[in-house]
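What follows is the residue order along each chain.
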Amino acid sequence: MPSQDVGQLLLVGVPGTELDAETARFYKDLQPGGYILFGRNIQTPTQLRKLIDDLRDLSDVEPVVTIDQEGGRVSRLKLIGNEPPNAQQLRDRNDLGLIRKHGDITGRLLRLFGFNLDLCPVLDISFDDEADNSLRGRCYGRTVAEVIEKAGAFNEALRAAGILSCGKHFPGYSSAGLDPHHELPSLDRSRELMEEYELAVFRAFADKVDSMMIGHITISGLEAGGPPASLSSAMINGLLREDMGFNGLVMTDDLDMGAILNHYGFDETMRRGIVAGNDMLMICHRVELAAQAKKVLAELPASETEAALGRMAAFKARLAPPTPFTEAAFRSVDSEIWDLRVATLGEEQAGQRSAEDGKRSPVELY
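Residues numbered from 1 in each chain as written. Predicted model: local features only at pLDDT ≥ 70, side-chain atom pairs only at ≥ 80, totals over all residues. Heavy atoms only, no water.

Some words on the pairing of strand β9 (residues 211-214)
On β9, burial covers both faces: Ser 211 and Met 213 on one face and Met 212 and Ile 214 on the other are all buried. Pairing of strand β7 (residues 166-170) with β9 involves three bridges; the strand directions are parallel. By the bridge assignment for β9, Gly 167 is matched with Met 212. Where β9 lies against strand β11 (residues 249-252), four bridges are found, and the strand directions are parallel. Bridging across to β11, Ile 214 finds its partner in Thr 252. (Buried < 20%, exposed > 50% of the residue type's maximum accessible area, 1.4 Å probe, protein only. Helix = DSSP H or I, 4+ residues; strand = E, 2+ residues; numbered from the N terminus. Pairing = 2+ DSSP bridges.)

Topic: the sheet that holds strand β1 (residues 10-12)
Spatially, five strands are ordered β6-β3-β2-β1-β12 in an open sheet, and the strand pairing comes out parallel. Each having just a single partner strand, β6 (117-118) and β12 (281-283) make up the two edges of the open sheet. Note that strand β3 (residues 64-67) and β6 share two bridges and pair parallel. Paired with Ile 67 across the strands is Asp 118, a residue of β6.

Some thoughts on unusual backbone geometry
Here the bond from Cys 120 into Pro 121 is cis, since omega is 20 degrees, no more than 30 degrees from zero. Within the secondary structure, Pro 121 sits in the loop between β6 and α5 (144-160). In this structure, His 169 follows Lys 168 across a cis peptide bond, with omega equal to 5 degrees. Note on placement: His 169 falls in strand β7. Unlike most non-glycine residues, Gln 31 shows phi in positive territory, near 50 degrees. As for its placement among the helices and strands, Gln 31 is situated in the loop between α1 (21-30) and β2 (34-37). One non-glycine residue, Asn 94, lies in positive phi territory at about 55 degrees.

A word on the pattern of salt bridges
Under the counting rule described, the total for this entry stands at 32 salt bridges. Close ionic contact of Arg 311 with Asp 279 constitutes a salt bridge, the shortest N to O distance being 2.7 Å. Residue Arg 311 is found in helix α12 (residues 302-316), and its partner Asp 279 is found in the loop between α10 (266-275) and β12; the two are separated by 32 residues along the sequence. With a relative accessible area of 24%, Arg 311 lands in the partly exposed category. Under the relative-accessibility criterion, Asp 279 is labelled buried at 0%. Glu 327 is the salt-bridge partner of Arg 331, the closest N and O atoms lying 3.8 Å from each other. (Salt bridge = Lys/Arg side-chain N within 4 Å of Asp/Glu carboxyl O.)

Overview of the confidence of the model for the protein
Of the residues in the protein, 94% reach a pLDDT of 70 or more, and the chain-wide mean stands at 93. The model gives residues 357-361 a pLDDT under 50, and that stretch makes seven contacts with residues more than four places away or in other chains. (pLDDT = per-residue confidence, 0-100. Contact = heavy atoms within 4.5 Å.)

Some thoughts on the environment of Asp 57
Its location among the elements puts Asp 57 in helix α2 (residues 45-57). Expressed as a C-alpha distance, the spacing of Asp 57 and Ala 24, which sit 33 residues apart in the sequence, is 10.0 Å.

Brief notes about the nonpolar core
Counting residues in hydrophobic clusters, the biggest one holds 107 residues, and the most contacted among them are Tyr 27 and Met 251. Counting residues per element, this core draws most heavily on helix α4 (residues 96-113), which supplies seven residues. Setting aside residues up to four positions removed in sequence, Met 251 forms contacts with Leu 11, Leu 117, Leu 119, Cys 166, Ser 211, Met 212, Met 213, Ile 214, Asn 278, Met 280 and Met 282. (Core = buried A, V, L, I, M, F, W, Y, C linked by side-chain atoms within 4.5 Å.)

A word on the state of the cysteines
Taken as a whole and judged by the stated rule, the model has zero disulfides. With no disulfide of its own, Cys 284 lies 12 Å from the sulfur of Cys 166, the closest cysteine sulfur. (Disulfide = S-S within 2.5 Å.)

Observations regarding the sheet that holds β7
Taken in spatial order, the three strands make up an open sheet running β7-β9-β11, and their pairing is parallel. Both outer strands of the open sheet, β7 and β11, are each paired with one neighbouring strand and no more. Averaged over all neighbouring strand pairs, the angle between strand axes comes to 25 degrees, with direction disregarded. (Axes fitted to C-alpha atoms, helices over the stretch in contact; angles between N-to-C directions.)

As structure tokens, then:
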């Protein structure tokens, strides 16, 4: 039977590198469905595994434990190890074997620490590699076919290693001119163009990824005058679930982004997020508000939360347990990341980490 605790519908951040008594009590009472970790939570390999073990021990139901481990600058674990190549670098190297190896290594690395879901692959198309919309370096292709082939290779290998995957950012940030970390992108783009490009990719992955992350973006041709996709029933229940037939877990992108904060109150965001069809609401940084979020969700009619709780339970039934951790095991996998980096970029370029170009999204600073 699925848990009836509405805390299961929350994916929350963690303040630091360890749990003090007060924080542990907070999570024990909250019983969130999952945790998302950032750079602020990562100090050493042993510390990270202990933090995740402690979070799991607090949970009555096995929690989702997730992270953004894509490659390149969006690789939280590069703080304690080597930086994997990013999607664009792998795309340009044009070797599916290396992309599959990246997925396999990533899966084994994450299970070593106790993660069970990776928030990737990015399924957006890079229409402009230099676009300032948070996607720089993160896209597997410049065409529909290229994204399907290359993101698909990563996705298959990641899942084969026992880590569940998440396609993002539905219905597509590709043409956005704004970074949603700062403000809500509003795109004037026809349904026909969306179907030809962005939606063609998501349709191809509807039965291939375990979860979907919904972006904070409005698109005129899909829902003129509507709310962001992440708060829209027409986009989630209608387009993604009914039209595309997606049966997996659906989560919002981080609700602490400017795209949402600048336009919606907190309680309203929580209510609208669940009513729109999301199964998990992501609160990455204002963690202290998670108790208020649970209170808001508890006040909703059971009919509004029942389906989401059922999908959460089905998703959790597929979570793989951690593999045994040792420092030596981590170092072994980390050396594979270096070898992959060299094979993708060459020895000289491999030694150069991602440049800090001043255009990073604020969430990446965590």
